[in-house]
Amino acid sequence: MNKNELSNYKQEAENHLLNELLPFWTARMIDHENGGYLTHYDKNGNDSGEDEKSLIAQTRCLYTCASTHRAGYGNGLFAEMARHGVDFLINKMWDKEYGGFYWMMDRKGNVKIDQKIIYGHSFAIYSLSEYTLATGDPIGVEYARKVFDLLQKYCVDTMYGGYWEMFHRDWTLCGPGSQGGDRKTLDVHMHLMEAFTTLYECTGEEVHRRKLLEILTCYSTGSFIRCTKRVSRSFSKTGR
């Protein structure tokens, strides 16, 4: 592959990003009435009316806006859109009594599912850290730190390593089986790895580096299969 081919691919990708993909969302995603982002559309790009705002969708939209601004696009538009998402996360989705983010809200910001699910919290750390890196606004990393600290307090498996993933609102671990309290997944730990990477980039703090390296160690020792039921003895390879 020569330089001209690479240049053409770059131009094609950038054209799709700037003239097709991002405009679709910037024209639709902001919920001016209730805050946060609208994320459900039909095949024609019309609002489907789905009455939900999930932690995972809100944080992914936030990350997209923040990282796009950080990459130099939008002349400040994406910073404003990111701030809009941060406001909804903190003012509506944050549990003021127990800490952490609710899993599911309705469009107006009323709680529909109050569980604390670590899959969503990994993206909260990731997107909020990216927001501070992109804009310099310290509120993002403030809440990213809070989530990180909650994970260390309630979610770490201190015997075999890794993190439990499914919790009730008050951070008590869910039951086994279909409730998911006995499960550790590759997917969640992968996303925690990228979340801790961005958090460490943002803070430079040793504890964030150390916890990132712990997850990397789990991968490098082959500790994870796609889904580990209860406590996998393979975690003992990490020495924890």
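**Some thoughts on the pattern of salt bridges**
And then number 1: Throughout the structure, instances matching the rule amount to 15 salt bridges.
And then number 2: A salt bridge links Asp31 to Lys53; the nearest nitrogen and oxygen atoms lie 2.8 Å apart. Taken together, the residues Asp31 in the loop between helix H1 (3–26) and strand S1 (53–54) and Lys53 in strand S1 connect sequence positions 22 residues apart.
And then number 3: Asp31 gets classed as buried once you look at its relative accessible area, which sits at 5%.
And then number 4: With relative accessibility at 1%, the residue Lys53 sits in the buried group.
And then number 5: Where salt bridges share partners, they join Asp95, Glu97, Lys116 and Arg169 into one cluster.

**Digging into the sheet that holds strand S3 (residues 111–113)**
And then number 1: Pairing in this open sheet of three strands is antiparallel, and the strands run S1-S2-S3 from one edge to the other. Lying at the two open borders of the sheet, with one neighbouring strand each, are S1 and S3.
And then number 2: The pairing of S1 with strand S2 (residues 104–105) spans two bridges and is antiparallel. Looking across to S2, one finds that Lys53 is bridged to Met105.

**Quick notes on the nonpolar core**
A general trend in soluble globular proteins is that nonpolar side chains are found buried together.
And then number 1: Of all hydrophobic cores here, the largest spans 56 residues; its most connected members are Phe101, Ile125, Leu128 and Phe196.
And then number 2: Elements with a contribution of two residues or more to this core: helix H2 (55–70), helix H3 (77–93), S2, helix H4 (118–135), helix H5 (138–154), strand S5 (166–167), helix H6 (186–203) and helix H7 (206–220).
And then number 3: Ile125 has contacts with Ala144, Val147, Phe148, Leu151, Ala195, Phe196 and Leu199, leaving out every residue within four places of it along the chain.

**Some thoughts on the packing of aromatic side chains**
And then number 1: Applying the stated criterion to the full structure yields 12 aromatic pairs.
And then number 2: Taking 5.7 Å as the distance between ring centres and 50 degrees as the angle between the ring planes, the aromatic pair formed by Phe167 and Trp171 counts as tilted.
And then number 3: Phe167 gets classed as buried once you look at its relative accessible area, which sits at 1%.
And then number 4: Connected via pairs of aromatic rings, a cluster forms that spans Tyr63, Tyr119, Phe123 and Tyr126.
And then number 5: Stacked on the ring of Phe88, the Lys or Arg Lys53 has its end atom at 4.7 Å from the ring centre.
And then number 6: In this structure, Arg60 is placed above the aromatic ring of Phe123, and the distance from its NZ or CZ to the ring centre is 4.6 Å.

**Looking at the packing of H5 against H6**
And then number 1: Here H5 crosses H6 at 130 degrees, and the two axes come no closer than 11 Å. Viewed along their axes, H5 and H6 adopt a mutual orientation that is oblique. For the pair H5 and H6, the sense of crossing is left-handed. For the pair H5 and H6, contact is made by Val141, Ala144, Arg145, Phe148, Leu151 and Gln152 and by Leu192, Phe196, Leu199, Cys202 and Thr203, respectively.
And then number 2: Among the residues making up the contact of H5 with H6, the classes are represented as eight nonpolar, two polar and one charged.

**Some words on H4**
And then number 1: The terminal C-alpha atoms of H4, which comprises 18 residues, lie 25 Å apart, in line with the 26 Å expected from a rise of 1.5 Å per residue.
And then number 2: Counting buried positions along H4 yields 15 of 18 residues, so the element is predominantly enclosed.
And then number 3: Of the residues one or two after H4, Gly136 is the one with positive phi, at around 80 degrees.

**Comments concerning the confidence of the model for the protein**
And then number 1: A residue-level look at the protein finds 91% of positions with pLDDT of 70 or above and a mean pLDDT of 91.
And then number 2: This stretch, residues 225–240, has a pLDDT under 50; its non-local contacts, to residues over four places away or in other chains, come to 45 contacts.

**A few points about the packing of H4 against H5**
And then number 1: One way to put it is that H4 packs onto H5 with a least axis distance of 7 Å and a crossing angle of 150 degrees. The angle between the axes of H4 and H5 places the two elements in the roughly antiparallel class. H4 and H5 meet at a crossing whose hand is left-handed. Taking contact as the criterion, the partners of Ile118, His121, Ile125, Leu128, Ser129, Tyr131 and Thr132 in H4 are, on H5, Pro138, Ile139, Gly140, Val141, Tyr143, Ala144, Val147, Phe148 and Leu151.
And then number 2: Residues belonging to the contact of H4 with H5 are distributed by class as follows: 12 nonpolar, four polar and no charged.

**Brief notes about unusual backbone geometry**
And then number 1: Phi at Asn75 is positive, roughly 50 degrees, even though this residue is not glycine.
And then number 2: Here Asn75 lies in the loop between H2 and H3.
And then number 3: Judged by relative accessible area, Asn75 falls into the exposed class, the value being 85%.
And then number 4: Even without a glycine there, the phi angle at Trp171 is positive, about 70 degrees.
And then number 5: Relative to the assigned elements, Trp171 resides in the loop between S5 and strand S6 (183–185).

Each value, and the rule that gives it
- Residues numbered from 1 in each chain as written.
- Predicted model: local features only at pLDDT ≥ 70, side-chain atom pairs only at ≥ 80, totals over all residues.
- Heavy atoms only, no water.
- Salt bridge = Lys/Arg side-chain N within 4 Å of Asp/Glu carboxyl O.
- Helix = DSSP H or I, 4+ residues; strand = E, 2+ residues; numbered from the N terminus.
- Buried < 20%, exposed > 50% of the residue type's maximum accessible area, 1.4 Å probe, protein only.
- Pairing = 2+ DSSP bridges.
- Core = buried A, V, L, I, M, F, W, Y, C linked by side-chain atoms within 4.5 Å.
- Contact = heavy atoms within 4.5 Å.
- Phe/Tyr/Trp six-rings, centres within 6.5 Å; stacked < 30°, edge-to-face > 60°.
- Lys NZ or Arg CZ within 6 Å of the ring centre and 35° of its normal.
- Axes fitted to C-alpha atoms, helices over the stretch in contact; angles between N-to-C directions.
- Parallel < 35°, antiparallel > 145°, perpendicular 65-115°, else oblique.
- Left-handed = near helix turned anticlockwise from the far one by under 90°.
- Nonpolar A, V, L, I, M, F, W, Y, C, P; charged D, E, K, R; others polar.
- Expected span 1.5 Å × (residues − 1).
- pLDDT = per-residue confidence, 0-100.

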